[in-house]
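Observations on the model geometry
Take a look at the letters that make up each chain.
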Amino acid sequence: MTPKDILLAAVVILAWGVNFVVIKVGLDGVPPMLLGALRFMLAAFPAILFIRRPDMPLRWLLAYGLTISLGQFAFLFSAMYAGMPAGLASLVLQAQAFFTLGFAALFIGESVKRSSLIGLVVAAAGLLLIGSESGRAFTLAGFVLTLCAAAMWGLGNVVTKRIGKVNLVSLVVWGSLIPPLPFLALSLLLEGPAQIETALRSISLNSILAIAYLAFVATLLGYGLWSRLLSRYPASQVAPFSLLVPVVGLSSAWLFLGEALSAVQWVGAAIVMLGLLINVFGARLLQQLRGATA
């Protein structure tokens, strides 16, 4: 990777890591379903006027928008609204890697590597350790909802695999057309017209800037740069950078929100990161060990 592209990868990781702090700021004045609607409305318009629709069947575009956009962020925003800390949310959401493995094996028949299974068991132990602290620094509901968000992200990843090669920026922009109406319907049902009106009438500059960040920086800029990297390098070379997202998420939550993990949560976080590392690098290390033994 060239130094310029490493810098672009760092920009993406920074944008996605700080994203969780920004969500917390946005939720301070806007309820979760309304925040989701506003985020994706802004991500779709006016970008669709300049970006061609991806060459794919409408049913797969709907499946993508309903899983990785609507499902993931409906659960994630609700989780953080229910008390899930921004830093821990950035870490627990990475369980999507293991949900992706399970859904890919279930729906498209992909085989699961031994190293991935080991990584899954290790990460699950870390998540259980983090979950055991619920009620002290965060709610159990927030923790479970974050896992649901990870599951929807994993399901969306399988949909993306099923779609095949497609321009990722185009997919993200046009996929952003799907969530606004369902988000608005959920907002009317769960939050009510009165809360929607109050939130829109009294919306603060911080909330407006948070929505703009989520739409333009985390969504369009982040996925745009990520798509460029994936088009120039093998996925195996690009994907490991995503392991730095929870590192930035935990650090920025501590720096900007004053979130501090307990000793048990730090141990759980370290175990989860170890599981993710095993999932990404385990097969390569086993192969090297076998070669050295031979």
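Given the structure is predicted, the values throughout are model-derived calculations rather than measurements. (Residues numbered from 1 in each chain as written. Predicted model: local features only at pLDDT ≥ 70, side-chain atom pairs only at ≥ 80, totals over all residues. Heavy atoms only, no water.)

Here we take up the overall build of the chain. For the chain, the helix and strand inventory stands at 13 helices and 0 strands. Helices and strands in the chain line up, N terminus first, as α-α-α-α-α-α-α-α-α-α-α-α-α. Taking 19 Å as the expected radius of gyration for a compact globule of 294 residues, we find that the chain reaches 19 Å, a close match to that expectation. If one aligns the C-alpha atoms of the chain with their principal axes, the spans along those axes are about 70 × 50 × 40 Å. Of all 294 residues assigned to the chain, the portion counted as buried reaches 48%. Excluding contacts between residues fewer than 6 apart, the proportion of contacts in the chain whose partners are at least 24 apart in sequence is 90%. (Helix = DSSP H or I, 4+ residues; strand = E, 2+ residues; numbered from the N terminus. Rg over C-alpha atoms; globule rule 2.2 N^0.38 Å. Buried < 20%, exposed > 50% of the residue type's maximum accessible area, 1.4 Å probe, protein only. Contact = heavy atoms within 4.5 Å.)

We now examine unusual backbone geometry. Omega for the peptide link from F45 to P46 comes to 5°, which places this bond in the cis form. Position of P46 among the secondary structure elements: in the loop between α2 (32–44) and α3 (58–81).

Let's shift gears to the side chain of S116. You can see S116 is positioned in helix α6 (residues 114–131). Looking at S116, the relative accessible area reads 6%, which means it is buried. Separated by 3.1 Å, the side chains of S116 and N279 make a polar contact. In this view, S116 contacts F98, L101 and N279; residues no more than four positions away in its chain are not counted. (Polar contact = N/O pair within 3.5 Å; in protein donor to acceptor, adjacent residues only side chain to side chain.)

Membership of the largest hydrophobic core comes to 80 residues, with the highest contact counts inside it found for F20, L76, M80, M84, F183 and W226. Top element by residues in this core is helix α1 (residues 3–27). It accounts for 12 residues. Filtering out sequence-adjacent residues up to four positions away, M84 remains in contact with K24, A79, A89, V92, F138, G142, F143 and T146. (Core = buried A, V, L, I, M, F, W, Y, C linked by side-chain atoms within 4.5 Å.)

So, about the pattern of salt bridges. Within this structure, the stated rule accounts for 3 salt bridges. Linking R232 and D5 is a salt bridge whose minimum nitrogen-to-oxygen distance equals 3.4 Å. Taken together, the residues R232 in helix α10 (residues 205–232) and D5 in helix α1 connect sequence positions 227 residues apart. On the basis of relative accessibility, which here comes to 46%, the residue R232 falls in the partly exposed class. For D5, a relative accessible area of 0% gives the class buried. The residue K161 makes a salt bridge to E110 at a minimum N-O spacing of 3.6 Å. Separated by 51 residues along the polypeptide, K161 in helix α7 (residues 140–163) and E110 in the loop between α5 (96–107) and α6 bring together distant segments of the chain. Looking at E110, the relative accessible area reads 35%, which means it is partly exposed. (Salt bridge = Lys/Arg side-chain N within 4 Å of Asp/Glu carboxyl O.)

Take helix α12 (residues 245–257) next. Over its 13 residues, α12 extends 17 Å from the first C-alpha to the last, a length consistent with the 18 Å expected when each residue adds 1.5 Å. Along α12, the residues classified as buried are V245, P246, V248, G249, L250, S252 and A253. Trailing α12 by a residue or two, G258 shows a phi angle of about 70°, which is positive. (Expected span 1.5 Å × (residues − 1).)

Further remarks concern empty space enclosed by the protein. In this structure the tally under the stated criterion is 1 cavity of 30 Å³ or more. Of the pockets and cavities examined, the largest cavity occupies roughly 90 Å³. Every residue along the wall of the largest cavity is listed here: R39, F40, Y64, I68, S69, Q72, F73, V172, S176, T219 and Y223. Broken down by secondary-structure element, the contributors of at least two residues to the lining of the largest cavity are α2, α3 and α10. Ranked by the residues each element gives to the lining of the largest cavity, the list is headed by α3, at 5 residues. Of the residues contributing to the lining of the largest cavity, the split by class is 6 nonpolar, 4 polar and 1 charged. (1 Å grid on protein atoms, 1.4 Å probe; cavity = no way out; pocket = protein on both sides within 12 Å on 5 of 7 lines; lining within 4 Å. Points joined across faces, edges and corners; volume = space filled by probe spheres on them. Nonpolar A, V, L, I, M, F, W, Y, C, P; charged D, E, K, R; others polar.)

The next subject is the side chain of T67. Take T67: it is sitting in helix α3. The buried category is assigned to T67, whose relative accessible area is 9%. Of note is the side chain of T67, whose polar atom sits 2.7 Å from the backbone oxygen of A63. In this view, T67 contacts Q72, M152, L155, G156 and V159; residues no more than four positions away in its chain are not counted.

A word on the packing of aromatic side chains. Scanning the entire structure with this criterion turns up 7 aromatic pairs. Relative to F183, the ring of F40 has its centre 6.1 Å away and its plane inclined at 10°; by these criteria the two rings are stacked. Taken as a pair, F40 in helix α2 and F183 in helix α9 (residues 180–201) lie far apart in primary sequence, 143 residues in all. Aromatic pair F103 and F107: ring centres 5.9 Å apart, planes at 25°, arrangement stacked. Of this pair, F103 and F107 are both found in helix α5, 4 residues apart, which corresponds to roughly one turn of the helix. Using a relative accessible area of 52% as the deciding quantity, one classes F107 as exposed. The lysine or arginine in question, R39, covers the ring of F73, its NZ or CZ lying 4.2 Å from the ring centre. (Phe/Tyr/Trp six-rings, centres within 6.5 Å; stacked < 30°, edge-to-face > 60°. Lys NZ or Arg CZ within 6 Å of the ring centre and 35° of its normal.)

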